[in-house]
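Results of the structural survey
The primary structure of each chain is shown beneath.
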Amino acid sequence: MEALVSWAGRRVLVTGHTGFKGSWLALWLDAMGADVTGFALPAPTQPSLFETARIAERLRHIEGDVRDPAALAAAFAAARPEVVFHLAAQPLVRLSYDDPAGTYATNVMGTVNVLEAARAAPGVRAIVAVTSDKCYENREWIWPYRETDPMGGHDPYSSSKGCAELVVAAWRRSFFAGEGAPALASARAGNVIGGGDWAADRLVPDLVRAFAAGAAPLIRNPQAVRPWQHVLEALGGYILLAEHLLTGDRTFAEGWNFGPSDEDARPVAWIVERMRAAWGDAGAMVPDRGPRPHEAGLLRLDSAKARAALGWQPRLRLETALDWIVDWHKQVDAGADARAVTLAQIAAYRALAGGGSQENARAA
């Protein structure tokens, strides 16, 4: 994946850098030589990739809440970013049922606050606001969702992501359309998976915890189909989108889907059995028959636009992505350095995508 622009020395602000996706993104940007500032609450899980891989050592780490406009303004002043990746969010469907007000405050007003801070800050050229595949009004149909389909959401989390997309569209038309204004795009990825995710109520982290403990995993909805993809697939799309925005072509300032190949939209039961085989000596799944809130049974993304206009495409088949996750956790559990393992997978992914070795990579 040959870069359209150089990242060496480029000032980048990542919100949500202490989370799972944000940690992978921060390390990737640092490896390309970017001057990265992160703004986020403390790491949301124990353990966390952010702490295990010592990511705070590789960037300017600012603790703060996107619900706090003053703290955001101060972070923008310290970072002086050219590029903003907005990933900070309340990312869990089930938690949104327990804390709907907090979910909307973070995912909707947090997005407003980030865009307002970017609007007031000099030097911002490109903004990638990350939402979710769940931003679409899910009709449980067999066709994948395209960028032009309506926003919606059954649960507070999904609805909040649809609302965040509407916020981005409104700010793009109202404040970021003029000459010299930052180019603002949104990115919608599928169910991202990867090493170092210890979130609660997510399938792959739940499987890792169960297999590591020698327990049988408890599975809520074995027939649910999701657009599973390795976290590097989504992040590669975000970075490529930012590069196109930095070229000055404002036609890329739109919403974009980054989903897996159609054949990798698999049911939960398939993921469980494939990971169980890769892990070895793992217990069979046990159905969770307890009460649970509504969760979509079928969700797929159409990424034809990103393939045609950005030249982006998935590089890892789902089987390989699951193997990489198992390998990541087994290496780290055996004492390997988490940062080195993560950087090695980033380098391997970039090599698959045609980017070769990381010319500007810094020491692990």
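Note that the structure is a prediction, hence the values are computed from the model and not measured. (Residues numbered from 1 in each chain as written. Predicted model: local features only at pLDDT ≥ 70, side-chain atom pairs only at ≥ 80, totals over all residues. Heavy atoms only, no water.)

A closer look at the packing of aromatic side chains
Counting across every chain of the model gives 9 aromatic pairs. Relative to Trp279, the ring of Phe211 lies with its centre 5.9 Å away and its plane at 50 degrees, an arrangement referred to as tilted. You can see Phe211 sitting in helix α7 (residues 203-213) and its partner Trp279 sitting in helix α9 (residues 268-279), a full 68 residues away along the chain. Among the residues examined, Phe211 registers a relative accessible area of 3% and is labelled buried. (Phe/Tyr/Trp six-rings, centres within 6.5 Å; stacked < 30°, edge-to-face > 60°. Helix = DSSP H or I, 4+ residues; strand = E, 2+ residues; numbered from the N terminus. Buried < 20%, exposed > 50% of the residue type's maximum accessible area, 1.4 Å probe, protein only.)

Here we look at the packing of helix α1 (residues 20-31) against helix α12 (residues 338-352)
Where α1 contacts α12, the axes come no closer than 10 Å and their chain directions differ by 70 degrees. Put simply, α1 runs roughly perpendicular to α12. α12 is crossed by α1, and the crossing has right-handed handedness. Where α1 abuts α12, its residues Trp24, Leu27, Trp28 and Ala31 lie against Arg339, Thr342, Leu343, Gln345, Ile346, Tyr349 and Arg350. Of the residues in the contact of α1 with α12, the class split is 7 nonpolar, 2 polar and 2 charged. (Axes fitted to C-alpha atoms, helices over the stretch in contact; angles between N-to-C directions. Parallel < 35°, antiparallel > 145°, perpendicular 65-115°, else oblique. Left-handed = near helix turned anticlockwise from the far one by under 90°. Contact = heavy atoms within 4.5 Å. Nonpolar A, V, L, I, M, F, W, Y, C, P; charged D, E, K, R; others polar.)

Looking at the pattern of salt bridges
One pass over the structure, following the stated rule, counts 18 salt bridges. Here Glu165 makes a salt bridge to Arg188, at a shortest N to O gap of 2.7 Å. Here Glu165, found in helix α6 (residues 156-174), pairs with Arg188, found in strand β6 (residues 183-189); they are 23 residues apart in sequence, far enough to count as distant. An identical accessibility class is assigned to Glu165 and Arg188; each is buried. (Salt bridge = Lys/Arg side-chain N within 4 Å of Asp/Glu carboxyl O.)

Observations concerning the packing of α9 against helix α11 (residues 318-333)
Across the interface, α9 lies against α11 with an axial gap of 10 Å and an inter-helix angle of 50 degrees. Comparing the axis directions of α9 and α11 gives the class oblique. The handedness of the crossing between α9 and α11 comes out as right-handed. Across from Trp270, Ile271, Arg274, Met275, Ala278 and Trp279 in α9, the residues of α11 making contact are Leu318, Glu319, Leu322, Asp323, Ile325, Val326, His329 and Lys330. Taken together, the residues that form the contact of α9 with α11 break down as 9 nonpolar, 1 polar and 4 charged.

Some points on the sheet that holds strand β11 (residues 265-267)
On the basis of which strands lie adjacent, the open sheet formed by 3 strands has the order β7-β9-β11 and mixed pairing. Both edges of this open sheet fall to β7 (191-193) and β11, since each of them pairs with a single strand only. Strand-to-strand twist in this sheet, taken as the mean axis angle between neighbours without regard to direction, amounts to 50 degrees. Bridge count between β7 and strand β9 (residues 225-230): 3 bridges; the pairing is parallel. Across the sheet, residue Ile193 finds its bridge partner in β9, namely His230. Lying on the sheet, α9 is in contact with β9 and β11; it crosses β11 at an angle near 85 degrees. (Pairing = 2+ DSSP bridges.)

Quick word on the sheet that holds strand β5 (residues 126-130)
The parallel open sheet is built from 7 strands, whose spatial order is β3-β2-β1-β4-β5-β6-β10. Because the sheet does not close on itself, it has two edges, and the strands there are β3 (60-63) and β10 (255-258). On average, adjacent strands in this sheet sit at an angle of 20 degrees to one another, irrespective of strand direction. Relative to β3, strand β2 (residues 35-40) runs parallel, the two sharing 4 bridges. Within β3, the position partnered with Thr37 by the bridge is Arg60.

Section: helix α8 (residues 231-246)
For α8, with 16 residues, the first-to-last C-alpha span of 23 Å sits near the 22 Å given by 1.5 Å per residue. Downstream of α8 by one or two residues, Gly248 has phi in the positive range, about 95 degrees. (Expected span 1.5 Å × (residues − 1).)

Let's talk about the pairing of β5
Counting buried positions along β5 gives 5 out of 5 residues, so the element sits mostly inside the fold. Neither face of β5 is open: one carries Ala126, Val128 and Val130, the other Ile127 and Ala129, and all of them are buried. Both strand β4 (residues 83-86) and β5 contribute to a ladder of 4 bridges, which runs parallel. For Val84, the partnering residue across the bridge sits in β5 and is Ile127. Here 5 bridges tie β5 to β6, and the two strands are oriented parallel to one another. Bridging from a neighbouring strand, Ala126 pairs with Ala183 of β6. Note on the crossover from β5 through α6 to β6: the handedness is right-handed. (Right-handed = clockwise from strand over helix to strand, strands pointing away.)

Description of the confidence of the model for the chain
When pLDDT is averaged along the chain, the result is 91, and 92% of the positions lie at 70 or above. Within the model, the stretch residues 356-364 combines pLDDT values under 50 with 27 contacts to residues more than four positions away or in other chains. (pLDDT = per-residue confidence, 0-100.)

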